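# Report on the structure
Now for the letters of each chain:
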Amino acid sequence: MLKRTSLFITAILLMLASKLQAQSHQFDPPWNTPPASKVDFTVPGIDNVPDLFGDINDPQLVVFFAGNQFMCIDDLIAAFKKLHPEYQRIFAETLPPGILAKQIMAGSIVIGNLLITLKPDVYTAGKSRMDQMPEYFVKTEVYAMNKLAILVQKGNPKKIQNLRDLGRLAIRISMPNPEWEGIGKRIEEAYVKAGGDALKKAIMETKVKNSTTYLTQIHHRQSPMRILYDQSDAAPVWYSEAFYQKMIGHPVELVEIPEKENIASQYIAGLMKAAPHPKAAQQFMDFLISPTAKAIYKKYGFKTE
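Now for a look at the structure at hand.

Reading guide: rules and limits
- Residues numbered from 1 in each chain as written.
- Predicted model: local features only at pLDDT ≥ 70, side-chain atom pairs only at ≥ 80, totals over all residues.
- Heavy atoms only, no water.
- Buried < 20%, exposed > 50% of the residue type's maximum accessible area, 1.4 Å probe, protein only.
- Helix = DSSP H or I, 4+ residues; strand = E, 2+ residues; numbered from the N terminus.
- Pairing = 2+ DSSP bridges.
- Arc of directions from axis to C-beta.

Right, let's talk about the pairing of strand 7 (residues 137-153) for a bit. Within strand 7, twelve of the 17 residues are buried, leaving the element largely enclosed by the surrounding structure. Sheet analysis places strand 7 next to strand 12 (residues 264-272), joined by nine bridges and oriented antiparallel. By the bridge assignment for strand 12, asparagine 146 is matched with serine 265. Two strands pair when backbone bridges link them, and strand 7 and strand 10 (residues 234-238) are joined in this way by five bridges, in the antiparallel orientation. Across the sheet, residue alanine 149 finds its bridge partner in strand 10, namely valine 237. Across five bridges, the pairing between strand 7 and strand 11 (residues 252-256) is antiparallel.

In structure tokens, the structure reads:
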């Protein structure tokens, strides 16, 4: 009887452990719809590459997108293929624009054990990043705009109302690292608008030192996940990112930032001088400023005019 009870308790503990393990990854990406394949071996927390999209084998078009546009990729690529059915093998990356710029300059990137040497046909980023590398482009086009918002947990338990609240010592912040994420520098501008240099120093120096400000490497993934897994209380993000997390039903809230404390950002696409597929690149550039593409960006919380 004792042995049977022991086995029963062990089974219950294993079941609970399994359930807890499953729950620990319940909000993990990919949040997009993966491509169809007879074999799907995505393992949350182990083997999961949410910022590489499509067909990496002999692609007919390669686009490097600033990472926070990941939610638009499924619709964009599907609409472009419908318009141009001659292009079926399309590969896209949605990594931080600073990392993508380094990849362009270095000619390759390593993610885990994967070496990618593909050259982009089109690169998109914010204005400041594009202004740093004009020699790489034949032409550029503005195609979308954005602003900032604050992402918080469902119900806003810490009562975050504005950017000044992020200076409170008890508030855990997920903050893009300005070293490689352009949004980080723009958020710092907003801190100064909202609370002067003192607020910026409190969040980016004092709270970094005491670990209540966490600096991300890839904020469009890390910040939502830190909020969802109760590792952070608040995350300044692009409006579209908070909008998307609510759109897909994740337990979060979006706190608006007033215009006088907010910043505006432009998304600019550059046609690469060294584009391996110049015709497809030009057609994709034209597509990005089309009514179809603009409607997709609006759907996901971006502005297009």
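Glancing now at helix 2 (residues 73-83). For helix 2, the set of buried residues is Ile73, Leu76, Ile77, Ala79 and Phe80. Axial view of helix 2: buried residues confined to an arc of 165°, hence all on one face.

Once that is clear, we can look at the pairing of strand 12. Counting buried positions along strand 12 yields seven of nine residues, so the element is predominantly enclosed. Note that strand 6 (residues 122-126) and strand 12 share five bridges and pair antiparallel. From the neighbouring strand, valine 122 faces strand 12, where its bridge partner is leucine 271.

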